[in-house]
Amino acid sequence: MDYKQFDAQSQSVWNANMYDDICKTALSRCSLLQQANLDFSRASILDIGCGPGGISQALLRRNKIREIALMDLRVEGLQIAADNLRKIDKDQKLFLIDGDVHHIPLTDNLFSLVISRGSQRFWIDQYRAFQEIHRVLEPDGIAYIGGGRGSSTFQKHRELNDPDWNPESFRRDRHFLKHLPSYLLPDEAYQALFQEWNVPWAIYSNEGDGHWFCWQKRVLEKIPIPG
Ligand SMILES: C[S@@+](CC[C@H](N)C(=O)[O-])C[C@H]1O[C@@H](n2cnc3c(N)ncnc32)[C@H](O)[C@@H]1O
């Protein structure tokens, strides 16, 4: 699929609804890790593997955001993503980064939220990618990384109401995805990394809802062992 097709698909009303649903879930999950709520009017957000920008658009529909950095390996998508975001807010402050998650071309401690959907499976070195994301998070910043098509409730609603929804093509799509390379590691590998960092984290792995990793760049206090 070329970028124009991908863009047209991601901009359909029901796909926009899906990105909205994913972001709603993401923000409620992030709030479980946080000590204070994310203030979007002051937030810098990085959308990794942004494609046409569906996730950032959904975030921007919910909130005014101080600045959004869109990053992708495929440079042809970046301007499309920027144009899509400017349709929501023509004055939105944006940065376009032609970059690879394994070597994010930015300095440390920049972002309040790093989000990525549908890109992680392609990251050849998962440790390196997670280390890079952790590096560019500001202290207390949150990462939400993974893939999925919205909550099960949303997907049932879609199946009943989206006139273009075709469960058969969805099944074919899943079958196709199974044959694409996936560099995902077992959950235990990510757990070990979060434990090494000693940060608050959660892994959401629900069949149908997708698979998501969430953590905050905040060192947990060690609880003294009595005695
Ligand atoms: C399936 S698309 C997802 C696009 C968008 N996030 C969405 O949810 O619609 C995956 C995107 O990840 C990008 N990507 C893959 N590997 C990457 C890497 N190592 N660094 C940055 N982007 C990458 C691809 O170019 C592609 O645009």
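The sections below set out a description of the structure shown in this document.

Definitions and limits used
Every residue gets a number counted from 1 within its own chain, in the order that chain's sequence is written. Given that this is a predicted model, residues contribute local features only at a pLDDT of at least 70 and side-chain atom pairs are listed and counted only at 80 or more, while totals for whole chains, interfaces and linings are drawn from all residues. Here is the check we use: build the C-beta atom from the backbone, and if it is within 6 Å of the molecule or strand, call the residue near. Side-chain classes follow a simple rule in which Ala, Val, Leu, Ile, Met, Phe, Trp, Tyr, Cys and Pro form the nonpolar group, Asp, Glu, Lys and Arg form the charged group, and the remainder, Gly included, forms the polar group. Axis definition: a line fit to C-alpha positions, over the contact stretch in the case of helices; interaxial angles, taken between N-to-C directions, run 0 to 180 degrees. Secondary structure elements are taken from DSSP: a helix is a run of H or I of four residues or more, a strand is a run of E of two residues or more, and numbering for both begins at the N terminus. If an angle is under 35 degrees, it is roughly parallel; if it is over 145, roughly antiparallel; if it lies from 65 to 115, roughly perpendicular; otherwise it is oblique. When the near helix sits turned anticlockwise from the far one by under a right angle, the crossing is termed left-handed; a clockwise turn instead gives a right-handed crossing. Each residue gets a C-beta atom placed from its backbone, and two residues are in contact if those atoms lie within 7 Å. In this scheme every C-beta is placed from the backbone, and a residue whose C-beta has 20 or more other C-beta atoms within 10 Å is buried, one with 12 or fewer is exposed, and one in between is partly exposed. A set of buried residues qualifies as a nonpolar core if it consists of Ala, Val, Leu, Ile, Met, Phe, Trp, Tyr and Cys joined through C-beta atoms within 7 Å. Two strands make a pair as long as DSSP finds a minimum of two bridges between them. In this scheme, a helix's expected span is set at 1.5 Å multiplied by one less than its residue total.

**Considering the site of the ligand**
Then step 1. The environment of the ligand is made up of 19 residues, and the closest members are Gly49, Gly51, Arg117, Gly118 and Ser119.
Then step 2. Counted by class, the shell around the ligand contains seven nonpolar, eight polar and four charged residues.

**Thoughts on the packing of helix 3 (residues 54-62) against helix 4 (residues 75-88)**
Then step 1. Contact pair helix 3 / helix 4: the axes reach a minimum separation of 10 Å and the direction vectors enclose 15°. Judged on the interaxial angle alone, helix 4 and helix 3 are roughly parallel. For the pair helix 3 and helix 4, the crossing hand works out as right-handed. Judged by residue contacts, Ser56, Gln57, Leu60 and Arg61 of helix 3 engage Ala81, Asn84, Leu85 and Ile88 from helix 4.

**Regarding unusual backbone geometry**
Excluding glycine, most residues fall at negative phi; most peptide bonds, likewise, are trans.
Then step 1. A positive phi angle, near 60°, is found at asparagine 109, a position not held by glycine.
Then step 2. Take asparagine 109: it is sitting in the loop between strand 3 (94-98) and strand 4 (111-117).
Then step 3. On the neighbour-count criterion, asparagine 109 (12 C-beta atoms within 10 Å) is exposed.
Then step 4. Even without being glycine, aspartate 140 reaches a positive phi, approximately 75°.
Then step 5. Looking at the secondary structure, you find aspartate 140 in strand 5 (residues 137-147).
Then step 6. Residue classification places aspartate 140 among the partly exposed residues on the basis of 14 C-beta atoms within 10 Å.

**Comments concerning the nonpolar core**
Then step 1. One finds Ile45, Leu46, Val114, Ile133, Ala143, Tyr144 and Cys214 to be the most contacted residues of the largest nonpolar core, which totals 45 residues.
Then step 2. Residues within four places of cysteine 214 in sequence aside, it is in contact with Arg29, Cys30, Leu33, Ile142, Ala143, Tyr144, Trp201 and Ala202.

**Things to note about the packing of helix 2 (residues 13-33) against helix 3**
Then step 1. Look at helix 2 against helix 3: their axes get within 8 Å of each other, and the N-to-C directions meet at 70°. Classified by the angle their axes make, helix 2 and helix 3 are roughly perpendicular. On the side of helix 2, the interface is formed by Asn15, Tyr19, Asp20, Ile22 and Cys23, while helix 3 contributes Gly54, Ile55, Gln57, Ala58, Leu59, Arg61 and Arg62.
Then step 2. Grouping the constituent residues of the contact of helix 2 with helix 3 by class yields six nonpolar, three polar and three charged.

**A closer look at the pairing of strand 1 (residues 44-48)**
The side chains of a regular strand alternate, first on one face of the sheet and then on the other.
Then step 1. In terms of residue burial, strand 1 counts as a mostly covered element, since four of its five residues are buried.
Then step 2. Here strand 1 pairs with strand 2 (residues 67-72) via five bridges, running parallel. By the bridge assignment, serine 44 is partnered in strand 2 with glutamate 67.
Then step 3. Pairing analysis gives three bridges linking strand 1 to strand 4, with the strands arranged parallel. Residue pairing across strands places isoleucine 45 opposite leucine 113, the latter belonging to strand 4.

**What about helix 3?**
Then step 1. With seven of nine residues buried, helix 3 lies mostly within the body of the structure.
Then step 2. Taken residue by residue, helix 3 has Gly54, Ile55, Ser56, Gln57, Ala58, Leu59 and Leu60 as its buried positions.

**Things to note about helix 2**
Then step 1. In this model, helix 2 (21 residues) spans 31 Å end to end at C-alpha, consistent with the 30 Å of a helix rising 1.5 Å per residue.
Then step 2. Every buried residue belonging to helix 2 is among Met18, Tyr19, Asp21, Ile22, Cys23, Thr25, Ala26 and Cys30, and all of these are buried.
Then step 3. On its buried face, helix 2 is in contact with helix 3, strand 4, strand 5, helix 6 (152-161) and strand 7 (210-216).

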